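Residues per chain are reported as follows:
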Amino acid sequence: MKHSRSSLFLMEMIIAILFFSLASAVCIQLFAKSHLLSTQTVNQNQAVIRVQNLAESYLALDGDVTAMQALFSPSQLSDDNTLCLAFDSDWNLCADGDSTRFLAELHHTPAGENGIMEAVITVYDISAPESPVYTLSVMHHTAERRDSHA
């Protein structure tokens, strides 16, 4: 009889340990996913702030990307109409190099006959460049400026 009780107790302990190990595995996965989601949310919020700053500067400077390069230093003009900014993992502007974690690109389309200039601002995570963190299109009608003394 003593042998039967001890084997039953051992079986109950094995089942309890199995249940708690499965429950802890599920909890660890949930904590890992919540940490990833939190990190993605922080990065997306920071990207929105940086893109809004670029968009407001773009509108204030009437699309002058050369002036924007001076304003957001260090930055690079890859051609006459594209401004590139590099950010580290703490979202501070940095020179494009080893500490770069995020890239922001502003593609400027000058105003044509219709008088509308346009920019597309996109922020990329270097580790996943195929899917942008945030993208914003900015359009602005450049009205003719008339001299008030004319």
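Calculation notes
- Here the residue index of a chain counts from 1 through its sequence in written order.
- In keeping with the model being predicted, local features are shown solely for residues with a pLDDT of at least 70 and side-chain atom pairs are shown and tallied solely at 80 or more, while totals for entire chains, interfaces and linings include all residues.
- Water and hydrogen atoms play no part in the side-chain values, which are based on all heavy atoms of the structure.
- For helices the rule is a DSSP run of H or I covering at least 4 residues; for strands it is a run of E covering at least 2, with both sets numbered from the N terminus onward.
- With the radius of gyration taken over C-alpha atoms, the globule rule is written as 2.2 Å times the number of residues to the power 0.38.
- The salt bridge definition used is simple: a Lys or Arg side-chain nitrogen within 4 Å of an Asp or Glu carboxyl oxygen.
- Exposure categories follow from relative accessible area, calculated using a 1.4 Å probe and restricted to protein chains: below 20% of the type maximum is buried, above 50% is exposed, and the middle band is partly exposed.
- At least two DSSP bridges between two strands are needed for those strands to be called paired.
- Here, the term nonpolar core denotes a set of buried Ala, Val, Leu, Ile, Met, Phe, Trp, Tyr and Cys residues that are joined through side-chain atoms within 4.5 Å.
- Contacts are assigned to residue pairs with any non-hydrogen atoms lying within 4.5 Å of each other.
- Residues qualify for a patch when their relative accessible area is over 30% and they have no salt bridge, like charges being joined within 9 Å and the nonpolar side chains of Val, Leu, Ile, Met, Phe, Trp and Tyr within 5 Å.
- Note on areas: these come from Shrake-Rupley sampling with a 1.4 Å probe, and a residue is covered only by the protein chains present in the view.

Novice: Could you clarify how one ought to interpret the overall build of the chain in this entry?
Specialist: The helix and strand tally for the chain stands at two helices and six strands. In the chain, the succession of helices and strands from N to C terminus is α-α-β-β-β-β-β-β. A compact globule built from 150 residues should have a C-alpha radius of gyration of about 15 Å, whereas the chain, at 27 Å, is more than 25% larger. Here the C-alpha coordinates of the chain stretch approximately 110 × 30 × 25 Å along the principal axes.

Novice: I'm lost on the pattern of salt bridges in this one. Help?
Specialist: Side chains that carry opposite charge are capable of pairing whenever their charged atoms lie near each other. This model, assessed by the stated rule, comprises one salt bridge. The salt bridge partner of arginine 101 is aspartate 125, with a shortest N-O separation of 3.3 Å. Taken together, the residues span a long stretch of sequence, with arginine 101 in the loop between strand 3 (93-94) and strand 4 (102-109) and aspartate 125 in strand 5 (residues 116-125) at a distance of 24 residues. Residue class for arginine 101 comes out partly exposed when judged on its relative accessible area of 28%.

Novice: Would you take a moment to explain the pairing of strand 1 (residues 75-79) for this structure?
Specialist: On a regular strand, each side chain points to the face opposite its neighbour's, so the side chains alternate between the two faces of the sheet. In the sheet, strand 1 pairs with strand 2 (residues 82-87) via four bridges, with the strands oriented antiparallel. When the sheet's bridge partners are listed, aspartate 79 is paired in strand 2 with threonine 82. Counted along the chain from strand 1 to the antiparallel partner strand 2, the turn is two residues long.

Novice: Help me out: how do you make sense of the pairing of strand 5 in this one?
Specialist: Across eight bridges, strand 4 lies against strand 5 in antiparallel orientation. Residue pairing for strand 5: leucine 103 is matched across the bridge by tyrosine 124. Connecting strand 4 to the antiparallel partner strand 5 that follows it, the hairpin turn spans six residues, and glycine 115 within it adopts a positive phi of roughly 80°.

Novice: Honestly, unusual backbone geometry in this entry has me stumped. Any pointers?
Specialist: Across residues other than glycine, the phi torsion is negative in most instances, and most of the peptide bonds are trans. Cis geometry is adopted by the peptide bond preceding proline 74, which originates at serine 73 and carries an omega value of 5°. Structurally, proline 74 can be placed in the loop between helix 2 (65-71) and strand 1. In this model, aspartate 62 sits at a positive phi of 50°, which is unusual for a non-glycine residue. Looking at the element boundaries, aspartate 62 is found in the loop between helix 1 (2-60) and helix 2. Residue aspartate 62 is classed as partly exposed on the basis of its relative accessible area of 33%. A positive phi angle is found at tryptophan 91, which is not glycine, with a value near 65°. Within the secondary structure, tryptophan 91 is located in the loop between strand 2 and strand 3. Classification of tryptophan 91 by relative accessible area gives buried; the value is 3%.

Novice: Please explain the nonpolar core as it appears in this structure.
Specialist: Soluble, globular proteins show a tendency: their nonpolar side chains are buried together. The biggest cluster of nonpolar side chains holds 21 residues, and the ones touching the most others in it are Leu54, Tyr58, Met68, Leu85, Leu106, Ile121 and Val123. Among the elements that take part in this core, helix 1 stands out by supplying five residues, more than any other. If sequence neighbours within four positions are ignored, leucine 85 has contacts with Leu54, Phe72, Ser75, Leu93, Phe102, Leu103 and Ala104.

Novice: What exactly am I supposed to notice about a nonpolar patch on the surface here?
Specialist: On the surface, Phe9, Met13 and Ile17 cluster together into a nonpolar patch covering about 320 Å² of accessible area. Structurally, the position occupied by phenylalanine 9 is in helix 1.

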